Amino acid sequence: MGEDAKRPQPEELERVGDDPLALILGRRSVGRVRPDAIPAAAVAELLEAAVAAPNHHLTEPWRFVVLGGDARRAVGEAHARAMARGRPELPKAGLAKEAARLERAPVVVACAVHPSAGDPVTRREDRDAVAAAVENLLLAAHARGLGAMWRTGAMADEPEVRAALGLEEGDEIVAFVYLGRPDDTPPAARSRGGLGDVVTWRGLGPP
Ligand SMILES: Cc1cc2nc3c(=O)[nH]c(=O)nc-3n(C[C@H](O)[C@H](O)[C@H](O)COP(=O)(O)O)c2cc1C
């Protein structure tokens, strides 16, 4: 039985389109992708989905930097240089690996928040909105048969990486979304516990 069939099917609610829930439940992080190029227009379509995310006060706090070709290495090298400065004992091979980090996929979209000035609540919600945009991006990629993976790691917090991306003072990197056509590696099994530990039902349910 597929996952879709196991889900409780709400009887009284209208079913719109081709069941986007199946799409959401079918998404997996895809870490290994083919090096084949992805057209810019395809990435733009995914980004249209990203910016359709909910956004309190319509601050449009997201910033995206699309990296393909040599641009991936330029950002990776900025990271490697910063690492070499901070930890001169690091072996050259390790630094070379850092420089090549973003070349694991043909396209990497750096997703950042440009937080609103002032109110700390708005600033927090700006980052929440960017996280929602990243999920939209992952789902849109899945809907178009692309593999996608949200990655962070040390690069995401490195000021020289932010500078190499052309981000502004105060911007934060929320995700590097790696995009590519999936290779033949079967996706990992779904890794969530059940709802029992994380949902409290009050006045409704459990089903
Ligand atoms: C904020 C955030 C940061 C993440 N950073 C990494 C990362 O640096 N490396 C990685 O392999 N996966 C990263 N992931 C992906 C998770 O590991 C992945 O979503 C998780 O294993 C569940 O798998 P699934 O996406 O297939 O459901 C990140 C996810 C989130 C939400």
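Structural notes, computed from the coordinates. Keep in mind that what you see is a predicted model, and the values were worked out from it rather than measured.

For the protein chain, the count of helices and strands is 7 helices and 4 strands. Its helices and strands taken in sequence order, the protein chain reads α-α-α-β-α-α-β-α-β-α-β from the N to the C terminus. Taken over the C-alpha atoms alone, the protein chain extends approximately 60 × 45 × 35 Å along its principal axes. Within the protein chain, the proportion of its 207 residues that are buried is 33%. In the protein chain, once contacts between residues fewer than 6 apart in sequence are set aside, the share between residues at least 24 apart is 77%. Carbon together with sulfur atoms contributes 55% to the accessible area of the protein chain, which is approximately 12,700 Å² in total.

This structure, assessed with the given rule, holds 0 aromatic pairs. The cationic tip of Arg151 hangs over the ring face of Tyr178; the distance from NZ or CZ to the ring centre is 5.0 Å.

A word on the site of the ligand. Around the ligand sit Arg27, Arg28, Ser29, Met149, Trp150, Arg151, Thr152, Gly153 and Arg192, and those are all the residues in its vicinity. A distance of 2.9 Å is found between a nitrogen atom of the ligand and a backbone nitrogen or oxygen belonging to Trp150. Against a free-state accessible area of 620 Å², the protein chains account for coverage of 56% of the ligand. The class makeup of the residues in the shell around the ligand is 2 nonpolar, 3 polar and 4 charged.

Most peptide bonds adopt trans geometry, and most residues besides glycine take a negative phi value. Cis rather than trans, the peptide bond between Gly205 and Pro206 has omega equal to 5°. In this fold, Pro206 is placed in the segment after strand E4 (172–180). In this model, Glu60 sits at a positive phi of 45°, which is unusual for a non-glycine residue. Along the chain, Glu60 turns up in the loop between helix H3 (40–50) and strand E1 (62–68). The exposure class assigned to Glu60 is exposed, which follows from its relative accessible area of 51%.

Turning to the packing of helix H4 (residues 70–86) against helix H5 (residues 92–99), a few remarks are in order. H5 packs onto H4 with a crossing angle of 145° between their chain directions and a minimal axis gap of 7 Å. When the axes of H4 and H5 are compared, the crossing they make is right-handed. Every residue of H5 that contacts H4 at Arg73, Gly76, Glu77, His79, Ala80, Met83 and Ala84 is listed here: Leu95, Glu98 and Ala99.

All right, on to the sheet that holds E4 then. The 4 strands are arranged E1-E2-E4-E3 in an open sheet whose pairing can be described as antiparallel. Here the strands that pair on one side only, and so sit at the sheet edges, are E1 and strand E3 (147–151). Here the average twist between neighbouring strands, direction ignored, is 20°. Relative to E1, H3 is tilted by about 160°, and along the sheet it contacts E1, strand E2 (107–113) and E4. The strands touched by helix H6 (residues 120–143) within the sheet are E1, E2, E3 and E4, with E4 carrying the most contacts at an inclination of about 0°.

Attention shifts here to H3. Every α-helix carries 3.6 residues per turn, so stepping three or four residues along brings you back to the same face. Residues of H3 that are buried: Val43, Leu46, Leu47 and Ala50. When H3 is viewed along its axis, its buried side chains cluster within an angular range of 100° and face the same direction. Residues Ala41 and Glu48 are exposed on H3 and point more than 90 degrees away from its buried face. In the core, the buried residues of H3 are packed alongside E1, E2, H6 and E4.

Cut-offs used in this document
Residues numbered from 1 in each chain as written. Predicted model: local features only at pLDDT ≥ 70, side-chain atom pairs only at ≥ 80, totals over all residues. Heavy atoms only, no water. Helix = DSSP H or I, 4+ residues; strand = E, 2+ residues; numbered from the N terminus. Buried < 20%, exposed > 50% of the residue type's maximum accessible area, 1.4 Å probe, protein only. Contact = heavy atoms within 4.5 Å. Areas by Shrake-Rupley, 256 points an atom, 1.4 Å probe, with all protein chains shown as cover. Phe/Tyr/Trp six-rings, centres within 6.5 Å; stacked < 30°, edge-to-face > 60°. Lys NZ or Arg CZ within 6 Å of the ring centre and 35° of its normal. Near = heavy atom within 4 Å. Polar contact = N/O pair within 3.5 Å; in protein donor to acceptor, adjacent residues only side chain to side chain. Nonpolar A, V, L, I, M, F, W, Y, C, P; charged D, E, K, R; others polar. Axes fitted to C-alpha atoms, helices over the stretch in contact; angles between N-to-C directions. Left-handed = near helix turned anticlockwise from the far one by under 90°. Pairing = 2+ DSSP bridges. Arc of directions from axis to C-beta.

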